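# Descriptive structure summary
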Amino acid sequence: MNNWSIRMSCIYVMWLPFSLYFFAFSVYGSDEEYVWKQVPLYSSEYKPRLIKEGFQMTHALAYAPSDPSIVYLCTDTSRVWRSSNGGLDWEQASSGINSNGCRSLGIDPVNPRRAIAAGFFGVSEKDGSTRPWKSQGLYLTENGGDTWILVKKANFFRQVSKSPLLAYDSTSIVSDRANVWYAGTYDEGLLKSEDGGLSWETVVPDLLKICDVKEVMSRPGELLIATESGLYKYNKKKIVKI
C-alpha cells in the first residue's frame, strides 16, 4: 500500500455577498500532503464571462516603514493582501478576518509583521446594518498577516474618503513596536490603544464619522482628525475644532 498514489484536481467556487472566491487544489495519496494552489480572483481570460469586476475597490495600500519590501493592501471584498517583494507579487493574508473587506491598514513602524486592519462590510451604513453575521472591527496580526485576531468590535462603513483611519504615536515607539495607536471609527469616536493594539478604549466619543487620522509631523503625539463635519486637532488632553 505504500507504493500507491492518487491525485485528484479540484476547483471549488464559493459565493459570498459581494465576493467570489475560487479555490484550486490537488490531493495526493500515500505519504504526500495536501497541496493548495492559489488562483487569481480575476484575469483577462475571465473578463468576457463575468458581469462585474472580480477585485473591486482597494481601500488602503501601506508599506512597512522598517522594511519597504513588505507591503499590505486591503479591499472592500477580499480583505488583506501581502507582498514580500515591494509589490511585484501578492498573496492573500486574511486568515481570521471575518469581515467582508477592510477599510484601512496601519503597519507598525518597527516590526513589519505587526499590523492593524479595520474590518468592514464594504458598504454604506444603511446597507451594512442588515449584515450582523460579519464582524466589523479592529484586527491585529503579529505574524505578517498569516493570522489575525479581532481585538475590538467597531463600526466602519464605506465613505467618500478612503484616507487612513489608523495612526500611531511616534513618541511611543520602543524597541519592538509602537505602543500607542489611534483608530477613527464611524460611530464610536476616536479609539486609543496603549499596548500596541491589543486593547482599545474610546477617548473622544463625540467625534462621529471619522474619515482620516494623521499624526502632526511637526508636533509628535498630536493628531489631526478629519470627520464628515469638520477638522479637529487632538493633543492627548483635549479635542479642538479647527
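This one's a predicted model, so the numbers in the text were calculated from it and none came from an experiment.

Our focus in this paragraph is the overall build of the protein. Secondary structure summary: the protein contains one helix and 19 strands in total. Taking all 242 residues of the protein together, the buried fraction comes to 44%. Contacts in the protein between residues at least 24 apart in sequence constitute 43% of all its contacts with a sequence separation of at least 6. Element-wise, carbon and sulfur atoms account for 54% of the exposed surface of the protein, whose accessible area totals about 13100 Å².

Tracing the chain through its elements places S99 in the loop between β7 (91-92) and β8 (101-107). One polar contact links the side chain of S99 to the main-chain carbonyl oxygen of G101, over a distance of 2.7 Å.

Counting residues in hydrophobic clusters, the biggest one holds 27 residues, and the most contacted among them are L138, L190, W200 and I225. Within the residue set of this core, elements represented by two or more residues are β9 (115-120), β10 (137-141), β12 (166-168), β13 (181-184), β14 (190-193), β16 (210-215), β17 (223-227) and β18 (230-234). Sequence-distant contacts of W200, defined by excluding residues within four places in its chain, comprise I116, L138, V151, K152, W181, Y182, A183, L191, K192 and S193. Counting residues in hydrophobic clusters, the runner-up holds 15 residues, among them A64, I70, A117 and W148.

This structure, assessed with the given rule, holds two aromatic pairs. Between the aromatic rings of Y168 and W181, the centroid separation amounts to 5.4 Å while the plane-to-plane angle is 65°, which identifies the pairing as edge-to-face. Here W181 lies in strand β13 and Y168 lies in strand β12, a separation of 13 residues in the sequence. With relative accessibility at 23%, the residue Y168 sits in the partly exposed group. For the pair Y182 and Y234, a centre-to-centre distance of 6.0 Å together with 80° between the ring planes defines the contact as edge-to-face. On the criterion of sequence distance, the pair formed by Y182 in strand β13 and Y234 in strand β18 is long-range, its members being 52 residues apart. Residues Y182 and Y234 agree in their burial class; the two are buried.

Turning our eyes to something else, we now look at a nonpolar patch on the surface. The grouping of L224, L231 and I242 at the surface amounts to a nonpolar patch, some 260 Å² of accessible area in total. Among the structural elements, L224 can be located in strand β17. With a relative accessible area of 32%, L224 lands in the partly exposed category.

We now examine the pattern of salt bridges. One pass over the full model with this rule turns up nine salt bridges. With a shortest N-O distance of 2.9 Å, D212 and K214 are connected by a salt bridge. Several salt bridges converge on common partners, so that one network encompasses R82, E91 and D146.

Turning next to the environment of F157. Looking at where F157 falls in the secondary structure, it is placed in the loop between β11 (149-153) and β12. Separated by 29 residues in the primary sequence, F157 and Y186 have C-alpha atoms spaced 6.8 Å apart.

By the secondary structure assignment, R114 is in the loop between β8 and β9. Setting aside anything within four residues of it in sequence, one finds R114 in contact with G106, I107, D108, L140, T141, E142, D176, R177 and G196. Within the structure, R114 has its side chain in polar contact with the backbone oxygen of G196 (distance 2.9 Å).

Strand order in the open sheet formed by four strands is β4-β5-β6-β7, with antiparallel pairing between adjacent strands. Sheet topology places β4 (58-64) and β7 at the edges, where each strand pairs with a single neighbour.

The predicted model of the protein has a mean per-residue pLDDT of 81, with 73% of residues at 70 or higher. Note that pLDDT drops below 50 for residues 1-31; the model gives that stretch 64 contacts with residues more than four away or on any other chain.

Next up on the list: the pairing of β16. Across the six residues of β16, five count as buried, placing the element largely inside the fold. For β16 and β17, the ladder comprises five bridges, and the chain directions are antiparallel. Residue pairing for β17: D212 is matched across the bridge by A226.

The rules behind the values
- Residues numbered from 1 in each chain as written.
- Predicted model: local features only at pLDDT ≥ 70, side-chain atom pairs only at ≥ 80, totals over all residues.
- Heavy atoms only, no water.
- Helix = DSSP H or I, 4+ residues; strand = E, 2+ residues; numbered from the N terminus.
- Buried < 20%, exposed > 50% of the residue type's maximum accessible area, 1.4 Å probe, protein only.
- Contact = heavy atoms within 4.5 Å.
- Areas by Shrake-Rupley, 256 points an atom, 1.4 Å probe, with all protein chains shown as cover.
- Polar contact = N/O pair within 3.5 Å; in protein donor to acceptor, adjacent residues only side chain to side chain.
- Core = buried A, V, L, I, M, F, W, Y, C linked by side-chain atoms within 4.5 Å.
- Phe/Tyr/Trp six-rings, centres within 6.5 Å; stacked < 30°, edge-to-face > 60°.
- Patch = residues over 30% accessible without salt bridge, like charges linked within 9 Å, V, L, I, M, F, W, Y side chains within 5 Å.
- Salt bridge = Lys/Arg side-chain N within 4 Å of Asp/Glu carboxyl O.
- Pairing = 2+ DSSP bridges.
- pLDDT = per-residue confidence, 0-100.

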